[in-house]
Amino acid sequence: MTVSKKITASLAAFLIAALTGQAVLAADNEKFDVAGFTLGMTPEQALQALREYGADDASISETQSSYSYSDGLNHDYRTEAFVSRISAAKTRRFENGREHTDSVNLYFSPPPEGGRLVGLERLVRNRIDPVTNGEFRDAIIDKYGEPTAANASASMVNWKFGGGDKNCLSTGLDGVGVQLPDVRKNKNILDVVYRRTGGSYRLDLFRVSAVKNLEECANMLEFRLGSNGSRPADDVSTLMIDVQSWVRAELAAGEELEKLRQAAIEKRQGKGKKPAL
């Protein structure tokens, strides 16, 4: 499956300014793993982690993506494909008409500066032998420490790590709410972080108005489960994302795409024939 994406030429004007002077993000990925997956993994490392996680081999699916561009006349130019997502699941368990499912989606940043795990989504539905919501919360706090934000019912709790100190993915006053780009609608990380005007991304205007610089954006880990502590934790979702690395990789991809587009235009113009007047 190939997913085509387009970044408008007008975006290129912002790229150099956005990339200049950016520090390398140093995330404490060893502490913040989810089922053995850590941000920054290569696709090969992630595949090994999937085996250790216990994924059913038949369930492992890789999504290849590419970018399309035009020379102004021909619109079928395309970059080399790269792994943008790997999906997998453990074998379903069934007992007495009830089931247990555990699936994961892993998202990777694009080249030339990508090829790293920047987003994770895990969904566990356990109707067979779940612990309570309270026990589940205790277990994740045991592993990651006290959360940096939680909603009033404690059904959503998250941790910030990796250098920044703001949740750049949510405008909620309680600091919770993490989202990944909706790839089904051909959205990318820039749609989640920045505002758009006139069809172009405003790299100086964040969707979260309190954010003024990309370096303020933290890596995020968020769990969502039931609010009643004594009820079964039978439906738990986990999201983890490296905002800074994903944004920078997407911007670098846009810059590279603009270079390819300009090269294609120059090549086409060099082959043009003088009109017969």
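Computed from a predicted model, the values in this text were never measured in an experiment.

Some details on the pattern of salt bridges
Side chains that differ in sign of charge can pair as their charged atoms come close.
Move 1: Per the stated rule, a full pass over the model turns up 15 salt bridges.
Move 2: Among the ionic pairs, R224 bridges to E222, the shortest N-O distance being 3.1 Å.
Move 3: In this structure E222 comes out as buried when scored by relative accessible area, which is 1%.
Move 4: In this structure, a network of salt bridges that share partners links the residues K90, D102 and R122.

Regarding the confidence of the model for the chain
Move 1: Of the residues in the chain, 87% reach a pLDDT of 70 or more, and the chain-wide mean stands at 87.
Move 2: Long-range and interchain partners of residues 1–27, a stretch whose pLDDT sits below 50, account for 60 contacts in this model, where long-range means more than four residues apart.

Looking at the pairing of strand β11 (residues 200–206)
Move 1: Relative to β11, strand β10 (residues 194–197) runs antiparallel, the two being bridged by four bridges. Among the inter-strand pairings, R195 is bridged to a residue of β11, identified as R202.
Move 2: Counted between consecutive antiparallel strands, the loop separating β10 from β11 contains two residues, among which G198 sits at a positive phi close to 60 degrees.

What about the packing of aromatic side chains?
Move 1: This model, assessed by the stated rule, comprises eleven aromatic pairs.
Move 2: When the ring of Y67 is compared with that of F82, the centres are 5.9 Å apart and the planes differ by 20 degrees; the resulting orientation is stacked. Taken together, the residues Y67 in strand β2 (residues 61–69) and F82 in strand β4 (residues 82–89) connect sequence positions 15 residues apart.
Move 3: The buried category is assigned to Y67, whose relative accessible area is 3%.
Move 4: A relative accessible area of 10% means that F82 is categorised as buried.
Move 5: Ring centres 5.4 Å apart and planes at 55 degrees place the aromatic pair Y144 and W159 in the tilted group. Of this pair, Y144 sits in helix α3 (residues 133–144) while W159 sits in strand β9 (residues 156–161), placing them 15 residues apart in sequence. Accessibility classification places Y144 together with W159 in one group, the buried group.
Move 6: Positioned above the aromatic ring of Y53, the side-chain terminus of K90 is 4.9 Å from the ring centre.

Details of the nonpolar core
Move 1: Ranked by internal contacts, the top residues of the largest apolar core, which has 30 residues, are F37, L50, L106, L221 and F223.
Move 2: Here this core takes five residues from helix α2 (residues 43–53), the largest share from any one element.
Move 3: Among residues more than four places away in sequence, those in contact with L221 are F32, V34, Y144, V157, N158, W159, F161, T238, L239 and M240.
Move 4: By size, the runner-up hydrophobic cluster in this structure holds 26 residues, among which are I189, Y194, L203 and V243.

Let's talk about α3
Move 1: Over its twelve residues, α3 extends 16 Å from the first C-alpha to the last, a length consistent with the 16 Å expected when each residue adds 1.5 Å.
Move 2: When we look at burial in α3, the residues that qualify are N133, G134, R137, I140 and Y144. Along the axis of α3, the buried positions cluster into a sector of 130 degrees, meaning they face one direction only. Away from its buried face, by an angle of more than 90 degrees, α3 presents the exposed residues D138 and D142.
Move 3: The inward-facing, buried residues of α3 abut β9 and β12 (219–224).
Move 4: Downstream of α3 by one or two residues, G145 has phi in the positive range, about 90 degrees.

Section: the side chain of D33
Move 1: Examined against the element boundaries, D33 turns out to sit in the loop between α1 (12–19) and α2.
Move 2: A residue is classified by how much of its surface remains accessible, and D33, at 16% relative accessible area, is buried.
Move 3: Here the side chain of D33 touches K143 through a polar contact of 3.3 Å, side chain to side chain.
Move 4: The residues touching D33, leaving out its near neighbours within four places in the chain, are T38, K143 and Y144.

About the cut-offs
Residues numbered from 1 in each chain as written. Predicted model: local features only at pLDDT ≥ 70, side-chain atom pairs only at ≥ 80, totals over all residues. Heavy atoms only, no water. Salt bridge = Lys/Arg side-chain N within 4 Å of Asp/Glu carboxyl O. Buried < 20%, exposed > 50% of the residue type's maximum accessible area, 1.4 Å probe, protein only. pLDDT = per-residue confidence, 0-100. Contact = heavy atoms within 4.5 Å. Pairing = 2+ DSSP bridges. Helix = DSSP H or I, 4+ residues; strand = E, 2+ residues; numbered from the N terminus. Phe/Tyr/Trp six-rings, centres within 6.5 Å; stacked < 30°, edge-to-face > 60°. Lys NZ or Arg CZ within 6 Å of the ring centre and 35° of its normal. Core = buried A, V, L, I, M, F, W, Y, C linked by side-chain atoms within 4.5 Å. Expected span 1.5 Å × (residues − 1). Arc of directions from axis to C-beta. Polar contact = N/O pair within 3.5 Å; in protein donor to acceptor, adjacent residues only side chain to side chain.

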